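# Residue-level structure breakdown
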Amino acid sequence: MVTRKYISCYFAILTTVRLQLVNTLILVMNVAIQTQTALAQQTQSSTAEPVEVYVWGQQPTSAAIEQTRWQKDLELRPSNTPSDVMRLTPGLIIGQHHGGGKADQILFRGFDSDHGTDFAVFIDGIPVNMVSHAHGQGYADLHWLIPETIERVEIYKGPYFVNLGDFATSGAMNIITKTRGKDSTLTLSGGSYNTQRYVGIFAPPEGTILSPYIAGEVYMNDGPFKNPNDYIRYNILTKFGLLATANSNLSFLGTFFKTGWNASGEIPARAVRGGEIGRFGSFDPSEGGKSERQNLSLIYNYADSNQAFNAQTWISWYKLQLWSNFSLFLNDPVNGDGIEQNDKRFLIGNNINYRRNYNLIGLPMETFVGFQSRFDHIRVGLFSQTDRRRTTKLGNISPTLSNNDIQQTNLALFAQQEIKPTDWLRTQLGVRMDSFIFDVKQKGDPTTIVNPIAGDGTATIVNPKLNFIFTPFKDNNVAKATDLFLNFGGGFHSNDARVFVQDQDKQIPRFWGGELGAKSRFFDALDVTLSYWRSYLASELVFVGDEGTFEPGGASRRRGIESEFRYDILPWLAYDLDLSYTWARFINGDHVALAPRFLAFTGITARHDSGIQARLQMRHIGRRYGNEDGSFLTPTSTIFDLFLKYVWKRYEFFVQFQNLANKKWRSAEHVFESRLQSEPLGIGTLDAHFTPGDPFTVKAGVTVHLW
């Protein structure tokens with residue numbers, strides 16, 4: 001328990017955050033209106049004077065592995081869900097193990113990030129990861145994204161970036177959606193397993209009042225399972241330009257998302273080998289879930305030749321109800337071990353940053369400062385259930401395993417100073433401070449709850465960031481495109497509030513990372529990126545599948561090598577290859593379960609002037625350790641996909657073939673104890689449990705450009 005001083009501090013900061021959000025919104029509106037008025041007066045007084053227009057492009061990269069991918073990189077990639085956009089990050093694996101509706105499992109740089117524990121995801125600056133979530137810390141559900149609306153994807157690896165904090169342990173992704181489209185479109189598609197998808201985008205000509213950009217999506221899929229997924233998803237995205245000048249703009253974003261699905265769960269490998277169940281069968285067909293999220297965002301941008309200012313206020317409402325059964329009939333041989341996880345929350349936050357370029361004592365400088373805030377008000381509960389009805393399981397006092405109200409606040413300040421002492425060296429020295437305030441209250445009578453949790457606490461962590469960017473070769477056109485990078489930074493691994501308040505030390509586990517990298521372009525055709533990285537984490541959370549919970553793990557070390565190749569064979573033909581290998585172990589010598597090791601992703605893409613477009617790609621996942629002692633190894637998988645498109649006038653016809661070789665592979669896998677009804681009572685069997693990947697599938701459709 002914290003003292004009255006900390007409790008008073010909590011309420012003071014919370015009040016300040018709320019007032020600050022309101023004041024920021026008012027300030028943004030006032031600045032925008034004043035800027036608009038001043039520009040109008042200037043235009044009236046002298047219409048003959050030219051207007052300066054500033055175009056801000058991508059910032060120079062700070063690390064070899066920092067990059068931006070654009071919409072065209074997505075157009076020809078076969079996909080099943082919006083989460084497939086994450087495959088643009090070289091060395092990242094995603095896996096779906098709950099009927100398509102749950103957030104995907106993320107494995108990256110030696111981390112089993114579960115659903116986002118150590119990988120941060122943003123859409124237009126709005127955080128996707130959920131703190132202190134019912135199913136797992138950092139739960140990042142990307143299903144409210146419509147892929148056709150993506151303009152670009154900013155990819156970061158490592159803890160070297162001052163503007164990234166919570167969950168950005170191994171890396172981060174910021175997805176930027178379009179402010180307007182070239183035209184309005186309608187897409188109709190369908191395919192195997194009753195897949196149907198309908199997407200409409202309304203983008204009127206430039207100059208339309210408020211510059212609306214509106215997209216809607218309906219998606220349905222049953223999957224290859226004997227218990228159909230019955231998955232359906234509804235999405236709406238709206239964007240409006242409220243004010244615009246030559247230097248500034250004020251824009252509004254609103255999204256709506258709702259989904260529901262059935263799931264077949266992760267099935268024991270021994271049951272499949274023994275013929276008790278097929279690969280696409282289920283022991284508990286009542287698994288599944290439903291979820292929804294709504295977002296509102298107001299963003300103001302200002303830029304001139306020397307500076308840029310950005311202010312954003314965002315608000316979200318979120319709800320999830322999830323039914324699962326991990327250990328089958330281990331704890332309750334009659335009713336089964338089904339659980340229900342509920343999460344309802346309201347969250348609000350701010351992103352404010354300022355960047356300025358100038359010269360000091362003859363040296364080019366850039367100062368980058370910012371403030372970020374986030375407040376979550378959460379109702380989260382865990383209950384036992386059978387066939388989606390809450391039931392008291394064997395040995396428990398009630399169906400309520402835990403039930404809490406959580407208020408969690410994260411305030412962050414950051415600053416970075418860039419100095420360019422010579423034309424071949426840029427240095428960046430940064431620092432970031434994150435402060436957290438946790439308040440966990442028990443709901444209901446603690447005597448009727450299996451695991452009552454209550455408490456509060458505060459914690460602050462400060463992390464340095466240091467980047468050196470060298471451009472040593474200036475003497476020829478081939479070599480001068482080479483940049484060398486040396487990066488070092490601190491980060492942290494955040495824990496669930498319910499874990500934090502029960503921890504006597506109440507500390508945030510620190511993370512350190514360092515990297516050497518190089519990026520080159522040869523002969524205006526070949527891009528090569530190479531990097532070697534190392535990291536250390538003081539402690540982390542380890543998945544306990546038989547309970548569907550997490551427990552603290554010890555310190556760990558990771559290291560890896562990565563390479564990326566992009567080759568323009570012909571003006572219309574390109575080849576890409578991503579390779580990575582990672583070593584991950586706890587300090588005590590144990591393996592980090594499910595940490596990715598060898599990964600390869602490659603493809604060849606054609607975009608011919610005749611209108612024919614195509615991509616053939618291959619993704620390979622090598623063996624991984626399924627558990628800490630290495631007694632279980634996951635099988636390898638190599639999947640080939642083909643995407644074909646033909647563009648004719650205002651029509652685009654496309655067809656995609658996934659898993660061309662009809663390979664039997666595992667989309668997701670965990671090792672834990674479970675019990676089948678046919679096995680001895682009270683005895684669990686340690687085994688690999690997996691969700692099968694889709695077999696050969698076909699999808700086809702057409703996009704019509706309406707005007």
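All values derive from a computational prediction rather than experimental measurement. (Residues numbered from 1 in each chain as written. Predicted model: local features only at pLDDT ≥ 70, side-chain atom pairs only at ≥ 80, totals over all residues. Heavy atoms only, no water.)

### A word on the sheet that holds strand β16 (residues 267-268)
Let me state the cut-off plainly: Should DSSP find at least two bridges between two strands, the strands are taken to pair. Under the scheme used here, helices are H or I runs from DSSP no shorter than 4 residues and strands are E runs no shorter than 2 residues, and both carry numbers assigned from the N terminus.
One open sheet holds the 3 strands; their spatial order is β16-β37-β36, and the pairing between them is antiparallel. Edge strands, defined here as strands with exactly one partner in the open sheet, are β16 and β36 (666-674). Where β16 and strand β37 (residues 685-692) come together, 2 bridges link them in antiparallel fashion. Across the sheet, I267 pairs through a bridge with F690, a residue of β37.

### Considerations on the pattern of salt bridges
In plain terms, the rule: Salt bridges are defined as contacts in which a side-chain nitrogen from Lys or Arg sits within 4 Å of a carboxyl oxygen from Asp or Glu. Classification of residues uses two cut-offs on accessible area relative to the type maximum, computed with a 1.4 Å probe and protein chains only: under 20% is buried, over 50% is exposed, and between them is partly exposed.
Overall, the coordinates contain 31 salt bridges when judged by the stated rule. Linking E515 and R109 is a salt bridge whose minimum nitrogen-to-oxygen distance equals 3.2 Å. Placement of the pair is E515 in strand β26 (residues 510-522) and R109 in the loop between β3 (105-108) and β4 (111-112), with a sequence separation of 406 residues. Like E515, the residue R109 is buried in the burial classification. For R233, the salt bridge identified is with E217, shortest N-O distance 3.0 Å. With R233 in strand β14 (residues 231-244) and E217 in strand β13 (residues 213-221), this residue pair connects regions lying 16 residues apart in the sequence. In terms of burial, R233 and E217 fall into one category: buried. When salt bridges with common partners are traced through the structure, they connect R109, K157, E515 and E562 into a single cluster.

### Comments concerning the packing of aromatic side chains
The line we're drawing: Under the pairing criterion, centres of Phe, Tyr and Trp rings, with the six-membered ring standing for Trp, must be within 6.5 Å; the plane angle then separates stacked pairs below 30 degrees from edge-to-face pairs above 60, leaving the rest tilted. Only when the NZ of Lys or the CZ of Arg is both within 6 Å of the ring centre and within 35 degrees of the ring normal is a charge said to sit over the ring.
Per the counting criterion, the structure on display carries 23 aromatic pairs. Plain terms: the ring middles of W317 and F346 are 5.9 Å apart, the flat faces sit at 50° to each other, and that makes the pair tilted. One end of the pair, W317, is in strand β18 (residues 307-324); the other, F346, is in strand β19 (residues 339-360), and 29 residues separate them in sequence. Relative accessible area serves as the criterion here: at 36%, W317 is assigned to the partly exposed category. An aromatic cluster of at least three residues, connected via ring pairs, comprises F436, F438, F492 and F500. A cation over an aromatic ring shows up here: R355 above the ring of F368, its NZ or CZ 4.0 Å from the ring centre. R559 extends its terminal NZ or CZ atom over the ring of W583, reaching a point 4.5 Å from the ring centre.

### A few points about the pairing of β19
Here β18 pairs with β19 via 18 bridges, running antiparallel. Each residue of the ladder has a partner; that of W314, found in β19, is G349. Pairing between β19 and strand β20 (residues 363-386): 22 bridges, direction antiparallel. Bridging from a neighbouring strand, N357 pairs with E366 of β20.

### Observations concerning a positive patch on the surface
What counts here: Here a patch means residues that are over 30% exposed by relative accessible area and free of salt bridges, tied together within 9 Å if like-charged and within 5 Å if nonpolar (Val, Leu, Ile, Met, Phe, Trp, Tyr). Accessible areas in this description were obtained via Shrake-Rupley with a 1.4 Å probe; residue shielding takes into account the shown protein chains only. Counted as positive: Lys and Arg. Counted as negative: Asp and Glu. His and the chain ends are not counted at all. A single reference atom marks each charge: NZ on Lys, CZ on Arg, CG on Asp, CD on Glu.
There is a patch of like positive charges on the surface, built from K258, K290, K319, K344 and R388. R388 sits in the partly exposed class, given a relative accessible area of 31%.

### Looking at the confidence of the model for the protein
Rules: The score called pLDDT rates the predictor's confidence residue by residue, from a low of 0 to a high of 100. We call two residues contacting when some pair of their heavy atoms lies within 4.5 Å.
Looking at the protein as a whole, the pLDDT averages 88, with 90% of positions reaching at least 70. Considering only residues more than four positions removed or in separate chains, one finds that residues 1-58, a stretch of pLDDT under 50, has 73 contacts.

### Things to note about the sheet that holds β4
With antiparallel pairing, the 3 strands of this open sheet are ordered in space as β2-β3-β4. Sheet topology places β2 (92-95) and β4 at the edges, where each strand pairs with a single neighbour. In the sheet, β2 pairs with β3 via 4 bridges, with the strands oriented antiparallel. Residue G95 lies in a different strand from β3, and its bridge partner there is Q105.

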